[in-house]
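Chain by chain, the residues:
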Amino acid sequence: MKQTDDKNKAALRRTTWKQIRKCKWLYIMMIPVLAYFVVFRYAPIGGIVIAFKNYNVFKGIWASPWCGFATFQKIFANKNFWNAVRNTLTLNLLNLAVSFPITIIISLMLNEVLHLRFKKVTQSILYLPHFISWVVVAGIATNLFTQQGGTINNILNAMGHDSVPFLSDNGWWIFTYIICNVWKEVGWGTIIYLAALTGVDETLYEAAYLDGATKFQRLIYITLPSIKPVIVTMLILSISSMMSIGLDAPLLLGNSKVQDVSNVISTYTYQLGIQQAQYSESTAIGLFQSAINIIILLAADRIAKAMGEHGII
Amino acid sequence: MAKQKEEKLHKIRKVTPGSVINYTLITLIALICLYPFLNVVAYSFSGYNAVLSNKVTFFPIDFTVSAYKEILGKASIWLSMRTTIIVTLVGTALSLTLTTVAAYVLSRPNLPGKRIMSTFMLFTMYVTGGMIPTFLVVKGVGLYDSLASLFLPVAVSVYNFIVMRTFIMGLPFDLEEAAKIDGASEMQILIKIIIPLSLPIIATIGLFYAVNYWNDYFNALIYIITPEKFTLQLRLRNLLFAGELNSAGANAEGIGTQVMTQSLKMATVVVSTVPILLVYPWLQKYFVKGVMAGSVKG
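Owing to the predicted nature of the structure, the values given are computational and were not obtained by experimental measurement.

Caption draft 1: Focus on the overall build of chain B. Along its length, chain B carries 14 helices and 0 strands. Residues classed as buried in chain B amount to 48% of the 298 residues present. The long-range fraction of contacts in chain B, counting pairs at least 24 apart against all pairs at least 6 apart in sequence, stands at 70%. Total accessible area computed for chain B in this model is approximately 14700 Å², and 68% of it derives from carbon and sulfur atoms.

Caption draft 2: Quick peek at the domain arrangement of chain B. All names here are of chain B. Along its sequence, chain B is organised into domain 1 (2-52) and domain 2 (70-295). Between domain 1 and domain 2, the contact holds 7 residues from the first and 7 residues from the second. Contact between domain 1 and domain 2 buries roughly 590 Å² in total, counting both sides, with carbon and sulfur atoms accounting for 88%. Contact with domain 2 buries surface across domain 1, with V40, Y43 and S44 losing the most and accounting together for 57% of the total.

Caption draft 3: Structural context of the confidence of the model for chain A. With 98% of its residues at a pLDDT of 70 or more, chain A has an overall mean of 88. When mean pLDDT is taken per element in chain A, helix α2 (residues 24-46) of chain A scores highest with 95 and helix α1 (residues 2-22) of chain A scores lowest with 77.

Caption draft 4: A look at the interface of chain A and chain B. Each partner contributes to the interface: chain A provides 91 residues, whereas chain B provides 103 residues. For the pairing of chain A and chain B, the buried interface totals around 8600 Å² over both sides, and the portion due to carbon and sulfur atoms is 74%. When the buried area of chain A at its contact with chain B is split by residue, M29, F40 and F131 of chain A rank highest and sum to 8% of it. Here chain A and chain B share 0 salt bridges between them. Put simply, chain A and chain B have 18 residue pairs in polar contact (both at pLDDT 80 or more) between them. No other element matches the 17 residues that α2 of chain A contributes to the side of chain A that touches chain B. Taken together, the residues of the side of chain A that touches chain B break down into 55 nonpolar, 28 polar and 8 charged.

Caption draft 5: Quick look at the domain arrangement of chain A. Residue and element names in this part refer to chain A. Each assigned domain of chain A is listed here: domain 1 (2-52) and domain 2 (70-306). The centre of domain 1, based on its C-alpha atoms, is set 39 Å off from the matching centre of domain 2. The partner domain 2 presents 7 residues to the 5 residues of domain 1 that form the contact. Interface area for domain 1 against domain 2, summed over the two sides, is near 450 Å², with a carbon-plus-sulfur share of 76%. Among the residues of domain 1 in contact with domain 2, I48, I50 and A51 are the three that bury the most area, contributing 84% of the side total. For the pair domain 1 and domain 2, the number of links is 0 salt bridges. Summed over the shared surface of domain 1 and domain 2, the number is 2 residue pairs in polar contact (both at pLDDT 80 or more). Considering only residue class, the side of domain 1 that touches domain 2 consists of 4 nonpolar, 1 polar and no charged.

Caption draft 6: Focus on the nonpolar core. In terms of nonpolar packing, the biggest core is built from 151 residues, with W173 of chain A together with Y104 and V105 of chain B touching the most fellow members. When residues of this core are assigned to their parent elements, the largest contribution, 14 residues, is made by helix α9 (residues 170-198) of chain A. Those residues in contact with Y104 of chain B that lie beyond four places of it in its chain are L26 and M29 of chain A together with I168, E186, I189, L190 and I194 of chain B. Formed by 13 residues, the second largest nonpolar core is a distinct cluster that contains F81, M243, L272 and A284 of chain A.

Quick notes on the rules
- Residues numbered from 1 in each chain as written.
- Chains lettered and ligands numbered in written order.
- Predicted model: local features only at pLDDT ≥ 70, side-chain atom pairs only at ≥ 80, totals over all residues.
- Heavy atoms only, no water.
- Helix = DSSP H or I, 4+ residues; strand = E, 2+ residues; numbered from the N terminus.
- Buried < 20%, exposed > 50% of the residue type's maximum accessible area, 1.4 Å probe, protein only.
- Contact = heavy atoms within 4.5 Å.
- Areas by Shrake-Rupley, 256 points an atom, 1.4 Å probe, with all protein chains shown as cover.
- Domains from an automatic or database assignment.
- Buried area = accessible area lost by both parts, 1.4 Å probe.
- pLDDT = per-residue confidence, 0-100.
- Salt bridge = Lys/Arg side-chain N within 4 Å of Asp/Glu carboxyl O.
- Polar contact = N/O pair within 3.5 Å; in protein donor to acceptor, adjacent residues only side chain to side chain.
- Nonpolar A, V, L, I, M, F, W, Y, C, P; charged D, E, K, R; others polar.
- Core = buried A, V, L, I, M, F, W, Y, C linked by side-chain atoms within 4.5 Å.

Here's what the structure looks like:
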């Protein structure tokens, strides 16, 4: 019995080996790709050890002494760090609360459009801001929202209102930040829902129409349930990145007057790591951020599965 | 049956108050999307006094091209434009090659070690080294202050790889089998069959990569120190937000420290954005398909 087992294994090994030799060129083609991942993805992951070391540029990573969790203790004791965490969560949650429903509503509106040319043109226009860099968006936003001479304040003044400090008041700055994000990404976000909406079974609508369901009823009882899996997936994805925030928008839109609300984890890491060369501290912050993200991702996936939806993992 | 069809047609043709409101709202949203662009263009073509007295809203006032003359007369803008074009072209070519090869190889059935290699790549979507370790690696391999630092560290996007692999997996398999029987090598199959069939997805992914390279300023901000190597976006950021980010106590509204007029700034914005707007309509018809391919769970 054991002998035949061994024989089978040997035979399997032989065929696998043969297969590998047959695919030689495929492996050779993969070498540059794998090399990229080793050097620019895995080497930095290995570099995370400096979060647990007292990193000294002159000694290098390996010769620097270990310091355990001392760096983390130092960070957690810092008020600015918790301020950045709070701002990251606030901006992300508010952005999600505003962008998420608007994206779905605009998708549903576009889906109702039957005039193909109109639909194509409006879609092209809605996707456009996604392709504009944050530098340009921030530049445009500054031009529009500046307190003195900004176009929007000019219009407000002309209508007899006082100027609004869109960029220099904490609350208004958050408002402007959300507006910029909505303007840039909501149109692009509709693609995924529109794709899902084209997959909804037409016959359901026809049946409901014949049964006398109104447009609104069809929306509530057919359309929304049909795209629910996509909604849930997108929600999990957004929630699982609650601790990450793009660096561009807060860095470019922010200024010293609103740093109490615009200082987020990514900008804090940038200031600490690149501008002040505190490598261990900013690496530790990055690790903390990734860890929280993975925990939220797993939790959100579990909850979705418990609710009877497909998870994403 | 006929009646049903008639009713369906009727439903489609009927103009209800709801659909009128819907069309109006969508038009309004599209206008809101466009307005900021219009505003920028209006500023860039407006005369000095009109800009200073804040009269510009929708259309240029005292039409002039002097801002463009001044911008395009600066050698630094052309230098940056050249740098950005080089980085975008070389980066996109490299990214597309690596992504296509990876997607092709890892879509082959019966390739031993396929799963391990895929997992090896996918893992980096969830776990990353973060800003500083990556910065130290880029410095460590000698790329600091070189143009290669702008594309090598971000050469392959795992997300784009997944999208492309999903697409290639959906291609009809018989063609490849026939080619194999005819004695075609793996390389020939990739070049003669897979790539021609995958052109829509290659165009889509190419657009994504190109836009990322064109728009990136952060990598240039942290890796490039020689001003001659500044990319367009980095230069634009320095022009628009000069002194804002690094010096404490900078004036949020930029009054007083403002060296350039608003129309000059906005002309620079236009110059650095127009190239994207030029390729956009050509590639637009592809990318919806591309994003959809990616939304299918692989």
